[in-house]
Amino acid sequence: MGKITGFIEFDRVDEKNKAVKERLEDYKEFTVKLPETELQKQGSRCMDCGIPFCHSGCPLGNLIPDFNDLVYRGEWEKALKILHSTNNFPEFTGRLCPAPCEKACVLGLIEDPVSIENIEKNIVEKGFEEGWIVAHPPKERTGKTVAVVGSGPAGLAAAQQLNRAGHLVTVFERDDEVGGLLRYGIPNFKMEKGIIDRRIAILEEEGISFETNAHIGKNYPVEKLEEFDAMVLCGGATKARTLPTKGIDAKGVEQAMDFLTQQTKRIFGSEYEGKEISAKGKDVIVIGGGDTGSDCVGTSNRQGAKSVTNFEIMPKPPLGRSETTPWPFWPLQLKTSSSHEEGCERNWLINTKEFITNDKGELVGLKTVEVQWKIVPGKRPELIERPGTEKTWPCDLALLALGFTGPENTLSDQLGLQLDARTNIKASNYQTNVPHIFTAGDMRRGQSLIVWAINEGREAAREVDIFLMGTSNLPAKGEGDLPGI
């Protein structure tokens, strides 16, 4: 440790955001970078805790105290190498990860935790600015070919690791651009898409091939994948959850991901299928209180919604840690995002009873009831309606941000793959019941975090390498990457 007393001398300082009025005028990122001297102070707050619980909090096993200390010392290039040794894409996680590492930070027991995520983002951004992040093609090729289906964070991580092992990798993406949900599911104001493009350019220079508009099993025959020595399925969990509610088919009830995808395509002039979904001048209700719901709130406000309301069927979380989730676990705690701050009426313990329509089948309102949860040990929680709490809300656009139930069945059906009890593709050490077919990310574990997806892609790549070669030099979790990378 460089600054033994850093955590005593310096308080946590986070990036500021541009004013709400200013940032609602466009879809660009709106954080204001901290001065480098301040970032070094933030790195010095890492307190030489002895047992760095941040390691266990991070699914990737990032070597967090190491790069924090190097940032404090001003050795940014070394910090970048340490960061990249366990994380292929810190520019993604540094913007989009909910930072379970910070919730496990030992300093967080007594003060605000170290600002690990922001330090991570600034390390990689400095790396791009200084030209330190360049392609590292493998010195030798094995002659083995691998197909990676899906170009989200799991697919990209698997592809880069397998390419580093010397295999010839082709990534198939069903959409018109690479990136998966990073491209079209994450709003531009949370991550501008040039962030993806600059990384893809490096991956291509390293020798990875990308095929877009290739929907395997639809417009691209699944049989062609059998030409590869192995395949890794990273298509994600894309079956959106819906509601068994009267009026669900009304015009104006839309899936959140359709809404978000369309807006991103609109920004870049890309074509999108189906009718236009717009919040402009409308009373918008977002059903679902997670990150996707928050993204819908921010997008609706930028489109010029008349009002934005958010429903969540679960109780309002406490402001501080719940006793049920003590440190260093991920806390049950109220999260207020930048999108919520931009304008949103939030409601908890609300259940939608009916989507009300006019004689044209168009949505005009929602009928709700307040609820409470009855908890009986050993039994599933029971939802109880509170009598006399029915209410009708004006609504022209209802966005369903309810999560996903699992991957689509196209690939599993056509490839003869077994599913687990949660309808995800069943795998042991990332290998399916068909030996040369592997799976990773949301398609294997269910809807999860970007940081988990990258970890899954890396771990799956190692198993594929062992399958193809009998052994592997690719690192296991937290071991650090290949020499020279």
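Residues numbered from 1 in each chain as written. Predicted model: local features only at pLDDT ≥ 70, side-chain atom pairs only at ≥ 80, totals over all residues. Heavy atoms only, no water.

Q: Looking at this structure, how should I read unusual backbone geometry?
A: Negative phi values dominate among residues other than glycine, just as trans dominates among peptide bonds. Put simply, Trp327 and Pro328 share a cis peptide bond, and its omega is 5 degrees. Within the element layout of this structure, Pro328 appears in the loop between strand E10 (307-312) and helix H15 (338-341). One non-glycine residue, Leu349, lies in the positive phi region at around 55 degrees. The exposure class of Leu349 is partly exposed, given its relative accessible area of 24%. Look at Thr423: it is not a glycine, yet its phi comes out positive at around 70 degrees. Summarising the element assignment, Thr423 is placed in the loop between helix H16 (410-415) and strand E18 (437-439). Residue Thr423 is classed as partly exposed on the basis of its relative accessible area, which comes to 33%. (Helix = DSSP H or I, 4+ residues; strand = E, 2+ residues; numbered from the N terminus. Buried < 20%, exposed > 50% of the residue type's maximum accessible area, 1.4 Å probe, protein only.)

Q: Help me out: how do you make sense of the nonpolar core in this one?
A: Nonpolar side chains tend to gather and get buried jointly when the protein is soluble and globular. Ile123 and Val232 are the most contacted members of the largest nonpolar core, which has 67 residues in total. Ranked by residues supplied to this core, first place goes to helix H18 (residues 450-469) with 8 residues. Look past the residues within four positions of Val232 in its chain and what remains in contact with it is Val146, Ala147, Val148, Val149, Ala158, Leu162, Phe438, Ala460 and Val464. Core analysis: the second largest hydrophobic core is formed by 18 residues, Val149, Ile216, Leu417 and Ile437 among them. (Core = buried A, V, L, I, M, F, W, Y, C linked by side-chain atoms within 4.5 Å. Contact = heavy atoms within 4.5 Å.)

Q: I'm lost on the sheet that holds strand E6 (residues 230-233) in this one. Help?
A: The strands making up a sheet are joined through hydrogen bonds of the backbone, oriented either antiparallel or parallel. Strand order in the open sheet formed by 5 strands is E5-E4-E3-E6-E18, with parallel pairing between adjacent strands. In the strand order of this sheet, the two ends are held by strand E5 (209-211) and E18, each with one partner. Neighbouring strand axes in the sheet, compared pairwise and without regard to direction, differ in orientation by 20 degrees on average. The pairing of strand E3 (residues 145-149) with strand E4 (residues 168-172) spans 5 bridges and is parallel. For Val149, the partnering residue across the bridge sits in E4 and is Phe172. (Pairing = 2+ DSSP bridges. Axes fitted to C-alpha atoms, helices over the stretch in contact; angles between N-to-C directions.)

Q: It is not clear to me how the packing of aromatic side chains should be interpreted in this structure. Could you clarify?
A: Any pair of aromatic rings gets described here by the distance separating the centres and the angle formed by the planes. In total, this model carries 7 aromatic pairs according to the counting rule given. Among the aromatic side chains, those forming a connected cluster through ring pairs are Phe172, Tyr220 and Phe228. The cationic tip of Arg445 hangs over the ring face of Trp452; the distance from NZ or CZ to the ring centre is 4.0 Å. (Phe/Tyr/Trp six-rings, centres within 6.5 Å; stacked < 30°, edge-to-face > 60°. Lys NZ or Arg CZ within 6 Å of the ring centre and 35° of its normal.)

Q: Quick question: what am I supposed to make of the sheet that holds strand E11 (residues 345-348) here?
A: Taking strand neighbours across the sheet as the criterion, the 5 strands line up as E8-E16-E9-E10-E11 in an open arrangement whose pairing is parallel. Every other strand in the sheet has two partners, leaving strand E8 (253-255) and E11 as the edge strands with one partner each. The mean inter-strand angle of the sheet, taken between neighbouring strand axes irrespective of direction, is 20 degrees. Here 4 bridges tie strand E9 (residues 283-287) to strand E16 (residues 397-400), and the two strands are oriented parallel to one another. In the strand pairing of E16, Val284 is matched with Leu397. The strands touched by helix H13 (residues 256-267) are E8 and E16; relative to E8, the strand with the most contacts, the crossing angle is about 75 degrees. Lying over the sheet, helix H14 (residues 291-303) contacts E9, E10 and E16, oriented at roughly 165 degrees with respect to E9.

Q: Just checking my understanding: could you explain the packing of helix H5 (residues 64-72) against helix H6 (residues 76-84) for this structure?
A: Any two packed helices are characterised by the angle at which their axes cross and by the distance between the axes. It is at 8 Å that the axes of H5 and H6 come closest, and there the two elements cross at 170 degrees. Accordingly, the angle class assigned to the pair H5 and H6 is roughly antiparallel. Like other packed secondary-structure pairs, H5 and H6 cross with a definite hand, here left-handed. Here Asp66, Phe67, Leu70 and Val71 of H5 lie close against H6, whose contacting residues are Trp76, Lys78, Ala79, Ile82 and Leu83. Tallied by class, residues from the contact of H5 with H6 come to 7 nonpolar, no polar and 2 charged. (Parallel < 35°, antiparallel > 145°, perpendicular 65-115°, else oblique. Left-handed = near helix turned anticlockwise from the far one by under 90°. Nonpolar A, V, L, I, M, F, W, Y, C, P; charged D, E, K, R; others polar.)

Q: How do you make sense of the environment of Arg45 when you look at a structure like this?
A: By the secondary structure assignment, Arg45 is in the loop between helix H3 (36-44) and helix H4 (53-57). Given a relative accessible area of 1%, Arg45 falls into the buried group. Taking the C-alpha atoms as reference points, Arg45 and Ala104, 59 residues apart in sequence, are found 15 Å from one another. What Arg45 contacts, discounting residues up to four positions off in sequence, is Gly6, Phe7, Phe10, Asp11, Arg12, Leu107, Glu111, Asp112, Pro113 and Val114. At 3.1 Å, the side chain of Arg45 forms a polar contact with the backbone oxygen of Pro113. (Polar contact = N/O pair within 3.5 Å; in protein donor to acceptor, adjacent residues only side chain to side chain.)

Q: It is not clear to me how the pairing of E3 should be interpreted in this structure. Could you clarify?
A: Two faces belong to every sheet, and in a regular strand the side chains alternate between them. Among the 5 residues that make up E3, 4 are buried, leaving the element largely enclosed by the rest of the structure. Considered for its hand, the β-α-β crossover made up of E3, helix H10 (residues 153-164) and E4 is right-handed. Pairing analysis gives 4 bridges linking E3 to E6, with the strands arranged parallel. Within E6, the residue paired with Val146 across the bridge is Ala230. (Right-handed = clockwise from strand over helix to strand, strands pointing away.)

Q: Please explain the state of the cysteines as it appears in this structure.
A: Simply put, the disulfide is a covalent bond whose two ends are the sulfur atoms of two cysteines. For the coordinates displayed, the defined rule picks out 0 disulfides. Unpaired in this structure, Cys58 has its nearest cysteine sulfur neighbour in Cys101, at a distance of 6.0 Å. As a non-bridged cysteine, Cys234 has Cys97 as the owner of its nearest cysteine sulfur, 18 Å distant. Judged by its relative accessible area of 8%, Cys234 falls in the buried class. (Disulfide = S-S within 2.5 Å.)

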